[in-house]
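Okay, here's what each chain looks like letter by letter:
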Amino acid sequence: MKELIHSKMHMANAGIYGEVRVDEVFQKYSFPFEYVVLHDVSLESNGKFQIDTVFLTQYFAVVLESKNIGGKLRFKQNSFQLERENENGKVDIYESPEVQIERNNYLLDEWLQLRGIKIPVDGVIVLTNSKVMVVEPSTKYPLIHHQTIPVFLRNIARNKVCLEVNEMHKLAEKIVASHRPYFPYPMCERWGINPNDLLTGVYCEKCETHGMVKKKNGWNCLRCGHVDRLAHEKAVYEWFVLIGESINNRQCKRFLHLNSPQSALRVLKSMNLITSGNSKNTIYKWEWKEIASRKT
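Residues numbered from 1 in each chain as written. Predicted model: local features only at pLDDT ≥ 70, side-chain atom pairs only at ≥ 80, totals over all residues. Heavy atoms only, no water.

(A) Broad picture of the side chain of N104. Examined against the element boundaries, N104 turns out to sit in helix α2 (residues 97-113). Judged by its relative accessible area of 4%, N104 is buried. Setting aside residues no more than four positions away along its own chain, N104 makes contact with F49, Q50, I51, V63 and E65. (Helix = DSSP H or I, 4+ residues; strand = E, 2+ residues; numbered from the N terminus. Buried < 20%, exposed > 50% of the residue type's maximum accessible area, 1.4 Å probe, protein only. Contact = heavy atoms within 4.5 Å.)

(B) View of the sheet that holds strand β13 (residues 218-220). Taken in spatial order, the three strands make up an open sheet running β12-β13-β14, and their pairing is antiparallel. With partners counted over all chains shown, the strands left at the sheet margins are β12 (213-215) and β14 (227-228), one partner each. Pairing between β12 and β13: three bridges, direction antiparallel. From the neighbouring strand, V213 faces β13, where its bridge partner is N220. (Pairing = 2+ DSSP bridges.)

(C) Local environment of empty space enclosed by the protein. According to the stated counting rule, one finds one cavity of 30 Å³ or more in the structure shown. Its volume calculated, the largest cavity comes out at about 40 Å³. In this structure, the largest cavity is lined by V54, L56, A61, L108, L112, L171 and I175. Mapped by element, the contributors of at least two residues to the lining of the largest cavity are β2 (48-57), α2 and α4 (165-178). Split by residue class, the lining of the largest cavity holds seven nonpolar, no polar and no charged. (1 Å grid on protein atoms, 1.4 Å probe; cavity = no way out; pocket = protein on both sides within 12 Å on 5 of 7 lines; lining within 4 Å. Points joined across faces, edges and corners; volume = space filled by probe spheres on them. Nonpolar A, V, L, I, M, F, W, Y, C, P; charged D, E, K, R; others polar.)

(D) Highlighting unusual backbone geometry. One non-glycine residue, H257, lies in the positive phi region at around 60°. Locating H257 in the fold gives a position in the loop between α7 (249-256) and α8 (261-269). Judged by relative accessible area, which is 48%, H257 ranks as partly exposed.

(E) Quick look at the sheet that holds strand β5 (residues 81-85). Spatial ordering of the open sheet is given by β6-β5-β4-β8, a layout of four strands whose pairing is mixed. Edge positions in the sheet fall to β6 (91-95) and β8 (132-136), since each has one partner strand and no second. If you compare each strand with its neighbour and ignore which way they point, the axes differ by 25° on average. Here strand β4 (residues 71-76) pairs with β8 via four bridges, running parallel. When the bridges of β8 are listed, G71 appears paired with V132. Sitting on the sheet, α2 is in contact with β4, β5 and β6, with an inclination near 10° to β6. (Axes fitted to C-alpha atoms, helices over the stretch in contact; angles between N-to-C directions.)

(F) Quick peek at α7. Every buried residue of α7 is listed here: N249, C252, F255 and L256. In an axial view of α7, the angular spread of the buried residues amounts to 135°, which keeps them on one side of the axis. The secondary structure elements touched by the buried residues of α7 are β13, α6 (231-242), β15 (246-248) and α8. Where α7 begins, the side chain of N248 points an oxygen toward the backbone nitrogen of R250, at a separation of 3.2 Å. Looking one or two residues beyond α7, the residue adopting positive phi is H257, at roughly 60°. (Arc of directions from axis to C-beta. Polar contact = N/O pair within 3.5 Å; in protein donor to acceptor, adjacent residues only side chain to side chain.)

Shown next as structure tokens:
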């Protein structure tokens with residue numbers, strides 16, 4: 001699974017970098033009409049959906065789907081897939097951005113109509129990688145480079161006012177209030193990893209091995225001698241991220257390779273976790289907002 005996971009991590013990091021490039025464009029340019037830009041919007045109507053960027057005006061809303069993909073791109077119309085050929089001739093297959101925009105446009109339009117708001121919703125595919133060549137372009141949605149976003153948006157016809165300025169800003173506030181952050185945990189379930197395949201034990205960040213031992217002065221690495229008083233917190237945090245939203249004493253003892261239930265109890269009680277149940281049936285949870293705000 002390592003190759004697959006590394007590939008997904010690379011794609012996620014590339015996607016984040018692409019979205020940052022789009023953000024930078026909007027920080028540098030402005031438009032001669034009232035507008036609001038909303039980044040990384042996650043909403044729910046008859047399905048959950050996530051939009052990279054929404055450009056909202058009095059006249060229309062535009063969904064911008066950013067793709068930080070290099071190489072030769074072919075938008076296949078018969079299979080609704082995106083083919084990317086890299087410099088070595090290897091071909092990778094992705095879900096077409098056309099499908100993503102179609103889904104997001106439909107769900108956003110549905111979300112708006114449920115709130116009595118009628119405004120045209122359009123979409124555009126934004127390529128953020130400079131080393132890209134489009135061999136077969138999209139036939140359903142405009143395809144632009146991120147540098148041309150201002151020109152593209154300025155040239156969209158503004159014929160009919162659908163929202164007054166105050167209504168537009170109230171709508172933006174509603175979208176922000178309804179936003180639900182993307183929550184990818186637990187990762188084992190999401191990525192199809194068997195938890196039994198994980199390396200367990202407390203991790204040493206200095207020599208990058210598992211198996212630190214708890215002593216009076218903290219967690220000691222038997223391999224390099226590094227001592228970390230809070231290494232157990234990182235290990236329990238990994239449980240929540242990788243395996244599940246709750247942990248009990250037995251699971252903690254096994255995952256951290258502790259010698260006794262009492263040691264596991266001390267670890268869990270030291271971490272200000274949310275508890276429920278009594279005695280041996282106590283389970284511990286971590287507030288998900290805290291997990292989402294941490295950096296790994």
